[in-house]
Amino acid sequence: MIALGAAGSGHSGGTLALMDVAAALYLHEANLDPKNAFWPDRDRSFWSAGHKAPILYVSLGMAGFFDIDEVVTLRKLHSPFQGHPHWLKLEGIETSSGSLGQGLSISVGDALAARLDKRNYRVYCLMGDGEQQEGQIWEAAMEAGHYKLDNLCGVIDKNRLQIDGSVDDVMSVDPLADKYRAFGWHVIEIDGHDMEAILGAFKEAKETRGKPSIIIAYTTKGRGVDFMEDVCDWHGKAPSIEQMWDALKQLGLDKKLPVEKLLEKAAVYQEKVTQELEAKQPKFSQNYFWNTMEKMKTEMVPTRMGFGNALAEHGDDPRVVCLGADISDSITISQFYKEHPHRTERWLSIGIAEQSGTCVAAGLAKEGKLPIFGTYGVFASGRNLDQLRTTVCYGNFNVMIAGAHGGVSVGQDGATHQALEELFQMCGLPNMHVEVPCDAVETRRATEYMLFDVVGPKYIRFAREATPVVTDDSTPYKWGEANVIRFRGEKDAFKDAFEHRLASDYTGEGEDIAIVACGPSVVEAMRAAWILKKEYNLETRVLNMHTVKPLDEKAIAQAARDCGVVVTAEEHQIGGLGNLVAAAIGRSEEVYGTPVIMGMIGVQDRFGDSGSPWELVKEFEVSAEHIAAKAKKLHDLKPSRG
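The rules behind the values
- Just so you know, the residues in each chain are numbered from 1, in the order the chain's sequence is written.
- Local features in this predicted model are restricted to residues whose pLDDT is 70 or higher, and side-chain atom pairs enter the listing and the counts only when it is 80 or higher, whereas totals over whole chains, interfaces and linings include all residues.
- As a rule here, side-chain values come from all non-hydrogen atoms in the structure, and water together with hydrogens is ignored.
- Starting at the N terminus, helices and strands are each numbered in turn, a helix being any DSSP run of H or I of at least four residues and a strand any DSSP run of E of at least two.
- The reference for a compact globule is 2.2 Å times residues^0.38; the radius of gyration itself is calculated from the C-alpha atoms.
- Relative accessibility under 20% of the residue-type maximum defines a buried residue, over 50% an exposed one, and the middle range a partly exposed one, all with a 1.4 Å probe and only protein chains included.
- Here a residue-residue contact requires only that any non-hydrogen atoms of the pair lie within 4.5 Å.
- Shrake-Rupley sampling with a 1.4 Å probe provides the accessible areas, and residues are treated as covered by the protein chains on show and by no other component.
- Residues counted as positive are Lys and Arg, residues counted as negative are Asp and Glu, and His and the chain ends are not counted.
- Charge positions come from single atoms, namely NZ of Lys, CZ of Arg, CG of Asp or CD of Glu.
- In short, DSSP must find at least two bridges between two strands for them to pair.
- Throughout, an axis means a line fitted to C-alpha atoms (over the contacting stretch in the case of helices), and angles, computed between N-to-C directions, take values from 0 to 180 degrees.
- Working definition: a ring pair exists when centres of Phe, Tyr or Trp rings (six-membered ring for Trp) sit within 6.5 Å. Plane angles under 30 degrees give stacked, over 60 give edge-to-face, the rest tilted.
- A helix is expected to span 1.5 Å for every residue after the first.
- What the arc measures is the spread of directions leading from the helix axis to the C-beta atoms.
- Put simply, a salt bridge is a Lys or Arg side-chain nitrogen that is within 4 Å of an Asp or Glu carboxyl oxygen.
- Here is how to tell: hold the view so the strands point away, follow the path from the first strand over the helix to the second, and if it runs clockwise the crossover is right-handed.
- Two helices crossing with the near one rotated counterclockwise from the far one by less than a right angle form a left-handed crossing, whereas a clockwise rotation gives a right-handed crossing.
- Working rule for angles: under 35 degrees goes down as roughly parallel, over 145 as roughly antiparallel, 65 to 115 as roughly perpendicular, anything else as oblique.
- Only Asp, Glu, Lys and Arg are considered charged, only Ala, Val, Leu, Ile, Met, Phe, Trp, Tyr, Cys and Pro nonpolar, and every remaining residue, Gly among them, polar.
- Buried residues of nine kinds, namely Ala, Val, Leu, Ile, Met, Phe, Trp, Tyr and Cys, make up a nonpolar core once their side-chain atoms join them within 4.5 Å.

**With respect to the overall build of the protein chain**
Here is step 1 of the chain: Counting its secondary structure elements, the protein chain contains 23 helices and 22 strands.
Here is step 2 of the chain: In summary, the protein chain has a C-alpha radius of gyration of 26 Å against a globular reference of 26 Å for 642 residues, a match within 12%.
Here is step 3 of the chain: With respect to the principal axes defined by its C-alpha atoms, the protein chain has extents near 85 × 60 × 50 Å.
Here is step 4 of the chain: For the protein chain, buried positions account for 60% of its 642 residues.
Here is step 5 of the chain: Pairs at least 24 apart in sequence give 78% of the contacts found in the protein chain among residues at least 6 apart.
Here is step 6 of the chain: Accessible surface for the protein chain amounts to roughly 24400 Å². Of this, 50% is attributable to carbon and sulfur atoms.
Here is step 7 of the chain: In the protein chain, which carries 68 positive and 91 negative side-chain charges, the distance between the mean positions of the two groups comes to 3 Å.

**Some details on the sheet that holds strand β3 (residues 152–158)**
Here is step 1 of the chain: With respect to topology, five strands assemble into an open sheet ordered β1-β2-β3-β7-β6, the strand pairing being parallel. Taken across any chain shown, the strands that pair with only one partner, and hence form the sheet edges, are β1 (44–47) and β6 (186–191). Strand after strand, the sheet turns through a mean of 20 degrees between neighbouring axes, direction not considered.
Here is step 2 of the chain: Of the pairings in the sheet, the one linking strand β2 (residues 123–128) to β3 comprises six bridges and is parallel in character. Among the inter-strand pairings, Tyr124 is bridged to a residue of β3, identified as Cys153.
Here is step 3 of the chain: With respect to the sheet, helix α9 (residues 195–207) is in contact with β2, β3, β6 and β7 (213–218), its orientation differing from that of β6 by roughly 170 degrees.

**Some words on the pairing of strand β11 (residues 370–376)**
Here is step 1 of the chain: Counting buried positions over the seven residues of β11 gives seven, a clear majority of the element.
Here is step 2 of the chain: Two elements, strand β9 (residues 320–324) and β11, share five bridges in a ladder whose sense is parallel. The residue bridging Val320 from the neighbouring strand is Leu370, located in β11.
Here is step 3 of the chain: As paired elements, β11 and strand β12 (residues 400–404) share five bridges and run parallel to each other. Directly across from Tyr376, in β12, lies its bridge partner Ala404.

**Quick look at the packing of aromatic side chains**
Here is step 1 of the chain: Counting across every chain of the model gives 20 aromatic pairs.
Here is step 2 of the chain: Ring plane angle 35 degrees and centroid distance 5.5 Å describe the contact between Trp138 and Phe183, whose orientation is recorded as tilted. Note that Trp138 is positioned in helix α6 (residues 135–146) and Phe183 in the loop between α8 (176–182) and β6, a separation of 45 residues in sequence.
Here is step 3 of the chain: What makes Phe183 partly exposed here is its relative accessible area of 28%.
Here is step 4 of the chain: Arranged with centres 6.0 Å apart and planes meeting at 20 degrees, the rings of Tyr376 and Phe379 form a pair that is stacked. Accessibility classification places Tyr376 together with Phe379 in one group, the buried group.

**Regarding the environment of Met598**
Here is step 1 of the chain: Counting through the fold element by element, Met598 comes out in strand β22 (residues 597–603).
Here is step 2 of the chain: Ignoring anything within four residues of it in the chain, the contact list for Met598 reads Val566, Thr568, Gly578, Val581, Ala582, Ile585 and Leu634.

**Details of α6**
Here is step 1 of the chain: With 12 residues, α6 should reach 16 Å at 1.5 Å per residue; the first-to-last C-alpha distance of 17 Å fits that figure.
Here is step 2 of the chain: The set of residues buried in α6 consists of Ile137, Trp138, Ala140, Ala141, Ala144 and Gly145. In an axial view of α6, the angular spread of the buried residues amounts to 160 degrees, which keeps them on one side of the axis.
Here is step 3 of the chain: Residues of α6 that are buried make contact with α5 (103–116), β2, β3 and α8.
Here is step 4 of the chain: In the stretch just after α6, Lys148 is the one whose phi turns positive, near 50 degrees.

**Considering the pattern of salt bridges**
Here is step 1 of the chain: In the structure shown here, the tally under the stated rule is 41 salt bridges.
Here is step 2 of the chain: For the salt bridge of Lys534 with Glu490, the shortest nitrogen-to-oxygen distance reads 3.4 Å. Pair noted here: Lys534 is in helix α19 (residues 521–536) and Glu490 is in the loop between β16 (483–487) and β17 (498–502), with a separation of 44 residues, a long-range link.
Here is step 3 of the chain: One continuous salt-bridge network, built from bridges that share partners, spans Arg486, Arg488, Glu499, Arg501, Glu509, Glu511, Lys533, Glu539, Arg541 and Asp562.

**Quick notes on the pairing of strand β18 (residues 513–517)**
Here is step 1 of the chain: Extensive coverage of β18 is indicated by the burial of five of its five residues.
Here is step 2 of the chain: Neither face of β18 is open: one carries Ile513, Ile515 and Ala517, the other Ala514 and Val516, and all of them are buried.
Here is step 3 of the chain: Where β18 lies against strand β19 (residues 540–544), five bridges are found, and the strand directions are parallel. Its bridge partner being in β19, Val516 is matched across the sheet by Leu543.
Here is step 4 of the chain: This β-α-β element, β18 to α19 to β19, shows right-handed connectivity.

**Regarding the packing of helix α3 (residues 19–29) against helix α4 (residues 53–62)**
Here is step 1 of the chain: Look at α3 against α4: their axes get within 9 Å of each other, and the N-to-C directions meet at 35 degrees. When the axes of α3 and α4 are compared, the crossing they make is right-handed. Here Met19, Ala22, Tyr26 and Leu27 of α3 come into contact with α4, specifically with Ile55, Leu56, Ser59, Leu60 and Met62.

**Section: the packing of α5 against α6**
Here is step 1 of the chain: The geometry of α5 relative to α6 is characterised by a closest axis approach of 8 Å and an angle of 25 degrees between their N-to-C directions. One finds that α5 runs roughly parallel with respect to α6. As α5 runs across α6, the sense of the crossing is left-handed. Contacts between α5 and α6 involve Leu104, Ser105 and Val108 from the first element and Gln136, Ile137, Ala140, Ala141, Glu143 and Ala144 from the second.
Here is step 2 of the chain: Taken together, the residues of the contact of α5 with α6 sort by class into six nonpolar, two polar and one charged.

**Here we look at the nonpolar core**
Here is step 1 of the chain: Of all hydrophobic cores here, the largest spans 51 residues; its most connected members are Met1, Ile2, Val21, Trp47, Tyr57, Phe202 and Ile215.
Here is step 2 of the chain: One finds Ala362, Ile556, Ala560 and Val581 within the second-largest nonpolar core, a separate group that totals 46 residues.

Here it is, written out as structure tokens:
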């Protein structure tokens, strides 16, 4: 509770539900040596439900793997206590996890390795009940039964709730016990808060021969805290400091734990990280960061809100069918039906099943529906990539995929939930159309256009964090065509300091630099244009490349020829947009013979990290300051055209 309160984010409900099982496993059942974390004969515990990381960290700390007080740095930048477990950062963790449904498969592989190596260690896999909706779980269950892996013990935290509601309402997984028995497992059902029953179940599993064991532990989400118990909203939410104190009192721990000391430790860590982060940022004559000056103020709205608003506004079309994948409120797809109960028959809850959900959408599209399937971008473009390729794109079905929470600004959830590769994956698929709008307004307009006017497979990428609103309904928007954005001088409102024109309507003004960007990187590019003008009197042409596929190659070629310096900016692995722009310049006859200096701003071939959204924008060097510094450096290399 203290770590979650200090972090300001995390998963409270499931952490409390699994507390008793985790205590039994790490303090009694598992054969471990904290002084030799990777002792070959240790028992292995895999956390397939990686979002319950806080109790994993507390369990390892209580077992002696590290000073448990360190856990209060949970989810902070550079902390080993990531939002989802990362085994390369913390000893005692057996594998990195976060994308649900994968843990049982790696557990099967580890149990098979023990058999091949003739070792006697046991393998434990901790899962959630909603997680049983993932098809991969049942592939692994079949494999474990087939190979009679009696050194494998699964544990299902059956707290009956997932993000979108009760498991039974979202997508029923029962009868779980019968299903596992049918796959050749020994099934043990217990009260997951009865310590004698938990220990007895582990003992029974260890003594079972010739088949794997599954312990179905019936638990209460948010156990022990009255305002959290059996409340779905506490799945992925952390308590405020006030709520934390209330929870600790209810748990009888407010006087037993050094709360103030631990909170101070978290604060000191945060201050140190902030100082280190700011020390490595490019420096200018003043602070140009968002809303730090008297002028150039901006409204901040998450781009995902534009997606939800579009569905709410246009959902009465009887062809529109929305498919939810358990994070519906988070990505705002639930706005389709929330205030419109007459639409609920066209709301299909698929559960945690990205691969099947994608193909279900294809089936709907085949019969003339306009299906929209949405989940976090990292799952919407990766978990179901083959289904998108073979069923949706090869069949050229009119399916819209919403990839939410794109980029590092997802924040504290960490690398497993930060989508940084979608443009590689989506733009590489024949027939796929790809849109990356820059703000909430453009996201609404893009959603509307793609849904009704783009025929075929389509992918829209938008972000979680609130970002500046820089467009309105009067701003030009044309599918497949970039906008040119020009800084026209400081104003009270940041938005009013810029002019937007369709690229086809724009005549060059002798700009020094072109910045080609998509998504929230567009507004960072705009801020970079402001910095470049104020600091160096350089004029910048910003291209809002909201449609990434098809790419407006004509606008890119014109900018390259006119400016001579091109910088791409993306909150994505470097090259997702940049490589496409470079290729467009390289094959443009208009640019042949014109020297062009090019650079790219993006995530430098690394996975994400836990941290606050704006910390990560700076840490991964995708902020306006980094764009401006790169642009100035390249401009200084440009030969004079005089």
